[in-house]
Amino acid sequence: MADTADDVTRCPSCGGHLDPDDHFCSKCGASLPSMPTVAAAELEPDGAEHTDPELEKSLRAALSPNYLLIRQIGVGGMGSVFLAREPALKRLVAVKVLAGELAADQSARARFQREAEAVAGISHPNVVSIYGLGELEDGTPYFVMQYVSGRSMAARLGEEGELGVEEVKHILGEVASALAAAHKRGVIHRDIKPANILYDEESGRVLVSDFGIAAVRPGGDSEDKTQLTRTGMAIGTPKYMSPEQLLAEKVTDRTDVYAVGLTGYELLTGRGPFDIKSPQEIMAAHLRDEPVKLSRLRSDIDPEFESLLAACLSKKATERPAAAEVAKRLLPGAGALLEWPPPGLEALRGKGVTLALLWLLASSLFAVSALVLVGIGPSLSSAVTSFAALLPLIFGTVGVVALAVAVSSTWRLSRRVGRAFDLGFGSLTIAEVLADRRGDMGAVITGMREYAPLAPATRSRLRTERVVAAALLLFSGILPVPALILFIWLGSKGLIGGAAAPFMVMGPSVLVFVASVWLRTREQRGLGRTRALLQQRHVPSEKLARLVDPWYETFESARRDQVLGRGPGGYARTSWLVGGAIGAAVLFSIVLAVPLGVVGVVHSTIWQNSPPRFSRTQEKARIAWAFKSYGVAVDSSITPLKAGRAFYSLIPGDISERRLFPQHPPPRKIETVTDALPENPWGAPSLGVVTTGDTSLIFKAIQGFTADETLYLERLASLPGWEEFDVVAHAAAMDYLSARYVLPFPDSVSLWAMPLPRSVGTKEWAYANSARAALWMSQGKLREAEEAFGETISVGLLLMEEHFLITSLVGAVITGIGRHGLEEFYTATGREREASVLRAKYDSVIGLNEELSVASASQPTSFDVAYVRNSITRVVQDSTMTRGLRWELLRWLPFAPCTNVRELIFGPDRELQVVFSSAREQLARFPSEEQYYDFITAELERSIQTTLPVTKRAVFRAADITGKLLGNKRLGGCVQVLLR
């Protein structure tokens, strides 16, 4: 089957490609065998209707033997177009046949014939040629014309988008030249638009086609003597019609010039010259509105070209230039002695300088931000205002983004340079294009404009200095990043101090930059500021390489007596490799530098929100400690491990934490009060706030409970868990870590992955204990009730000694529950004196807290890293502070070097080492807490992070690898904290 398919798509004589409906080979003219039947959709040409067999048969007979009909290729407004071959001249032609429904219309026939006659009388290389005119047997006219293999400008515009300025000049110049020839013959096209301008890809010429509605004025007369249009009839495409066409007034040769201006706008901008929102506004815009300035839509348009197109669009026909004048002004520019940039290198013009500036900006922002942090060190936050402290963060972030853009741009530019080598251009030519930020290197080479007075040797030196200056600028931009990496590596090894940073990182770059600027200022001093020329846009073409050698012929002629030539070529792969190597090396440097820079510029976020407010925590602790004497006696037989296991039984379980830490066979897990007794007779969600009217449970106990209330309270008092609650209440200390986890802690998790005890659930038991005391009060067991409140206070005080801050805070709350219940107990039982003592003690502590708050009011009103750091080290060493707070802040203390770039590079100072040493002696009571201490201090060097999402874990891994490469294990840990 494959062979059969190939047989019917290849000419049996020459092997040329065939379409399914070809009857003759378009290459050699050989007659073809009958084709197999295929689907109608396959036979239909793009944009064409089904072929009329009778029309095709009649046309083939009329054309034979001079032309061989091949196939239908399209349908136009006036009829069908066929592809044919002229054997005698071995060329393809197009045959246009008037549509059958128009053949009987005398006006249409006359207009069709007039198109052929009008075009046949115009001999111009930019007008589609007419080869012959004839009729079918039924009188339907046809004519044979030049076949153009390329696309229309409308098709190019749709596929490629707006075109480059120089190419549009060339296109409009050739169109204007064709129209000038037509106007000279008295022919006015009246329908110039991108769809009627064809682009011959083989010759590179544009050709004007479709003179179907042309006005023919013999001898250039001013009136339409063919009388093919009625007075008051507007002819043309509304979008491209002149004001006189829209008003159905007399058309002149300037009518076509108006359409040339409209076409230029569309080719340059992809839109018309008017701000219109709907098709209905088109006619009004042509008659009323002023065109939008081209310079607002295209920054690379030159004033001369802009003014020419504006003149073409004048509302008054007499104010428009003639087509011959338009051609004269445009064609010399397109045919300059030396096209610059060379064909195919438009996209490279000035990109070397642009890339160098991007590198300079990016690396300077990043490196300077890092140097600021290294130079100021821990005094940064106290030395500047809060707004200024954000500047390193802002500049560093912008620098990182700009570095990423610079690497990407370098890679893309290296690929374009490689393609330029593939086309055949030499290295020096490519370098000149890359360095040509002004866009006038062609004028320098040819000695045009302000460069005309300069001698060839001077222009040659000028070209060399531009290339060298651009190369130095690029080098000065890339240099700071590897210099910063070298500085960090030497600093981490202790081989260099922070004071050398500015000279080592930015010094070489500044020197190279000064040399580049000096070379550029030489030109400025000698020639002054030249205006920026047009930035050429790359126009894709498969045959672009054919233009390189002719361009070099012109180049060699233009550069006579100048030393700088084309340079060696053939470095496409080398260019790609160099670009890729630069990008890879800098990217690797960024990977190494970014984690350090990120930590340096966002170091304050490590402590800004997470640490507790010291004063508030200590205020709650003072209130709880004030009522320590109201707790129950300690039972020395209760070991810390037993108390820890009892506490673990009381708190709600968390199945997910078992995946993170191995544990002992857990003690029995006890249902919470809410789970065991989801409803109570009072309909309140918490026993701690149950009231009957304005009476709490304690006062209600004196009055007596109902049967349902008593039954509920008896069930509550018999719940499993009171034994464990009593154990915790009478314990002297609690070792929760040994009860909860198998020690030592595994290396597979971090400190921050350790699940906190859900101690908040213990408050339910405290409230329930108050309810149990109320039951005993109602039964006359006042001693047992008073002891219950003391147990609640003791449980809270014990929890306050735990190393988890949340447990300490919950302990303070539980102590408050016991104190409040005891006060109500004293009041309800008539012991007002004891109640007054409790209230007085509470008020005294509250007053003390207020005094201490006023005394500490001098602390910074805004966040200050140095203040927080000093506060943390002070609290960790202060034995008067609650242990939970001290342990909590000790968890943050290892990250102190993360808040100081100098310590991050050179290591923590001796102050931190002293704080850690004293903290171990004061806080670690049990072996489990000693291991917990070791777990905390090793956090910065922990290399596995299981609690982070995949993307954040990848970032942490990158930072960890960076730290290892730089000999700095602290870096990964700091990034780990920031990612949380």
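Residues numbered from 1 in each chain as written. Predicted model: local features only at pLDDT ≥ 70, side-chain atom pairs only at ≥ 80, totals over all residues. Heavy atoms only, no water.

Caption draft 1: Representation of the overall build of the protein chain within the structure. A count of helices and strands for the protein chain gives 44 helices and 11 strands. By the burial criterion, 51% of the 980 residues in the protein chain qualify as buried. Considering only intrachain contacts with a sequence separation of at least 6, the fraction spanning at least 24 residues in the protein chain is 72%. Accessible surface, the protein chain: about 44,700 Å² in total, of which carbon and sulfur atoms supply 56%. (Helix = DSSP H or I, 4+ residues; strand = E, 2+ residues; numbered from the N terminus. Buried < 20%, exposed > 50% of the residue type's maximum accessible area, 1.4 Å probe, protein only. Contact = heavy atoms within 4.5 Å. Areas by Shrake-Rupley, 256 points an atom, 1.4 Å probe, with all protein chains shown as cover.)

Caption draft 2: How the structure looks around unusual backbone geometry. A cis amide bond links Ser64 to the next residue, Pro65, at an omega of 5°. Mapped onto the secondary structure, Pro65 falls in the loop between helix H3 (53-63) and strand S1 (68-75). One non-glycine residue, Arg190, lies in positive phi territory at about 70°. Tracing the chain through its elements places Arg190 in the loop between strand S6 (187-188) and strand S7 (197-199). With relative accessibility at 9%, the residue Arg190 sits in the buried group. The phi dihedral of Ala248 falls on the positive side, at around 55°, and the residue is not glycine.

Caption draft 3: Quick peek at the pairing of strand S3 (residues 91-98). Burial analysis of S3 places six of its eight residues in the buried class, which makes it a mostly covered element. As defined by bridge partners, strand S2 (residues 79-86) adjoins S3 across eight bridges and the pair is classed as antiparallel. Directly across from Arg85, in S3, lies its bridge partner Leu92. A loop of four residues connects S2 with S3, the two strands running antiparallel in sequence, and Lys90 in this loop sits at a positive phi of about 50°. The pairing of S3 with strand S5 (residues 141-146) spans five bridges and is antiparallel. Residue pairing for S5: Lys96 is matched across the bridge by Phe143. (Pairing = 2+ DSSP bridges.)

Caption draft 4: Representation of the sheet that holds strand S4 (residues 130-135) within the structure. Pairing within the open sheet is antiparallel, and its five strands lie in the order S1-S2-S3-S5-S4. Whereas interior strands pair on both sides, the edge strands pair on one side only; in this sheet they are S1 and S4. Within the sheet, the average angular offset between the axes of one strand and its neighbour, ignoring direction, is 25°. In terms of strand pairing, S1 meets S2 through six bridges, oriented antiparallel. Looking at the pairing, Leu68 lines up with Arg85 of S2. Lying over the sheet, helix H5 (residues 106-120) contacts S3, S4 and S5, oriented at roughly 25° with respect to S5. (Axes fitted to C-alpha atoms, helices over the stretch in contact; angles between N-to-C directions.)

Caption draft 5: Representation of helix H34 (residues 762-778) in the model. Between its terminal C-alpha atoms H34 stretches 25 Å, which fits the 24 Å expected from 17 residues at 1.5 Å a residue. Counted residue by residue, H34 has 13 buried out of 17 residues, so it is predominantly covered. Just downstream of H34 lies Gly780, where phi reads positive at about 85°. (Expected span 1.5 Å × (residues − 1).)

Caption draft 6: Inspection of the environment of Leu172 at higher detail. Along the chain, the position of Leu172 falls in helix H7 (residues 165-184). Take Leu172: its relative accessible area is 1%, and that puts it in the buried class. In this structure the C-alpha to C-alpha distance between Leu172 and Leu330, which are 158 residues apart in sequence, comes to 7.4 Å. Residues contacting Leu172, with those up to four places away along its chain left out, are Val260, Thr263, Gly264, Phe305, Leu309 and Leu330.

Caption draft 7: Representation of H5 within the structure. End to end, H5 covers 21 Å across 15 residues, agreeing with the expected 21 Å (1.5 Å per residue, within 8%). Those residues of H5 not exposed but buried are Ala108, Arg109, Arg111, Phe112, Arg114, Glu115, Ala116, Ala118 and Val119.

Caption draft 8: Region of interest: a nonpolar patch on the surface. Together, Val510, Phe513, Val514 and Val517 line one region of the surface with nonpolar side chains, adding up to about 300 Å² of accessible area. By the element assignment, Val510 lies in helix H23 (residues 507-527). Accessibility expressed as a relative area gives 44% for Val510, which makes it partly exposed. (Patch = residues over 30% accessible without salt bridge, like charges linked within 9 Å, V, L, I, M, F, W, Y side chains within 5 Å. Salt bridge = Lys/Arg side-chain N within 4 Å of Asp/Glu carboxyl O.)

Caption draft 9: Molecular detail of the packing of aromatic side chains. Tallied over the full model, the rule gives 11 aromatic pairs. Their ring planes at 90° and their centres at 5.2 Å tell us that Trp722 and Trp765 sit as a pair that is edge-to-face. Of the two residues, Trp722 is situated in helix H32 (residues 722-730) and Trp765 in helix H34; the sequence distance between them amounts to 43 residues. Take Trp722: its relative accessible area is 5%, and that puts it in the buried class. Looking at Trp765, the relative accessible area reads 1%, which means it is buried. Where Trp887 meets Tyr932, the ring centres are 5.3 Å apart and the plane angle is 45°; that geometry is what we call tilted. Of the two residues, Trp887 sits in helix H39 (residues 883-892) while Tyr932 sits in helix H42 (residues 927-937), which places them 45 residues apart along the sequence. Accessibility assignment for this pair places Trp887 and Tyr932 in one class, buried. When the ring centre of Phe627 is taken as origin, the NZ or CZ atom of Arg819, which lies over that ring, is 5.6 Å away. (Phe/Tyr/Trp six-rings, centres within 6.5 Å; stacked < 30°, edge-to-face > 60°. Lys NZ or Arg CZ within 6 Å of the ring centre and 35° of its normal.)

Caption draft 10: Structural context of the pattern of salt bridges. Counted by the stated rule, this structure contains 33 salt bridges. Ionic pairing is found between Arg320 and Glu244, a salt bridge with its closest N-O pair at 2.8 Å. Here the residue Arg320 occupies a position in the loop between helix H12 (303-312) and helix H13 (323-334), and Glu244 occupies one in helix H8 (residues 243-246), the gap between them amounting to 76 residues. In terms of burial, Arg320 and Glu244 fall into one category: buried. Put simply, Asp726 and Arg772 hold a salt bridge, and the shortest N to O gap is 4.0 Å. Pair noted here: Asp726 is in helix H32 and Arg772 is in helix H34, with a separation of 46 residues, a long-range link. Overall, Asp726 belongs to the partly exposed group, its relative accessible area being 24%. With a relative accessible area of 5%, Arg772 lands in the buried category. Linked through salt bridges whose partners overlap, the residues forming this network are Arg151, Arg156, Glu159, Glu160 and Glu167.

Caption draft 11: Local environment of the environment of Ile73. Counting through the fold element by element, Ile73 comes out in strand S1. When the C-alpha positions of Ile73 and Val95 are compared, they lie 9.7 Å apart, and in sequence the two are 22 residues distant.

Caption draft 12: The arrangement of the nonpolar core in detail. Counting residues in each nonpolar core, the largest one holds 93 residues, and the members touching the most others are Leu716, Leu822, Val876, Leu890 and Leu893. Not counting the four nearest positions on each side in its chain, Leu890 is found in contact with Val876, Phe916, Ala919, Leu923, Tyr933 and Ile936. Counting residues in each nonpolar core, the second largest holds 60 residues, with Ala116, Val128, Val148 and Leu267 among its members. (Core = buried A, V, L, I, M, F, W, Y, C linked by side-chain atoms within 4.5 Å.)

Caption draft 13: Region of interest: the environment of Lys328. Tracing the backbone shows Lys328 in helix H13. Once the C-alpha coordinates of Lys328 and Gly173 are considered, the two residues, 155 residues apart in sequence, prove to be 7.5 Å apart.

Caption draft 14: Expanded view of the side chain of Ser209. Checked against the element boundaries, Ser209 lands in the loop between strand S8 (206-208) and strand S9 (215-216). For Ser209, a relative accessible area of 12% translates into the label buried. Not counting residues within four places of it along the chain, the set of residues in contact with Ser209 comprises Val128, His189, Asn196 and Leu198.

Caption draft 15: Molecular detail of the packing of helix H35 (residues 782-799) against helix H36 (residues 805-828). Two elements in contact, H35 and H36, have axes separated by 6 Å at closest approach and are oriented at 160°. Taken as axis vectors, H35 and H36 run roughly antiparallel relative to one another. You can see that H35 and H36 cross each other, and the crossing is left-handed. Of the residues in the contact of H35 with H36, the class split is 13 nonpolar, eight polar and two charged. (Parallel < 35°, antiparallel > 145°, perpendicular 65-115°, else oblique. Left-handed = near helix turned anticlockwise from the far one by under 90°. Nonpolar A, V, L, I, M, F, W, Y, C, P; charged D, E, K, R; others polar.)

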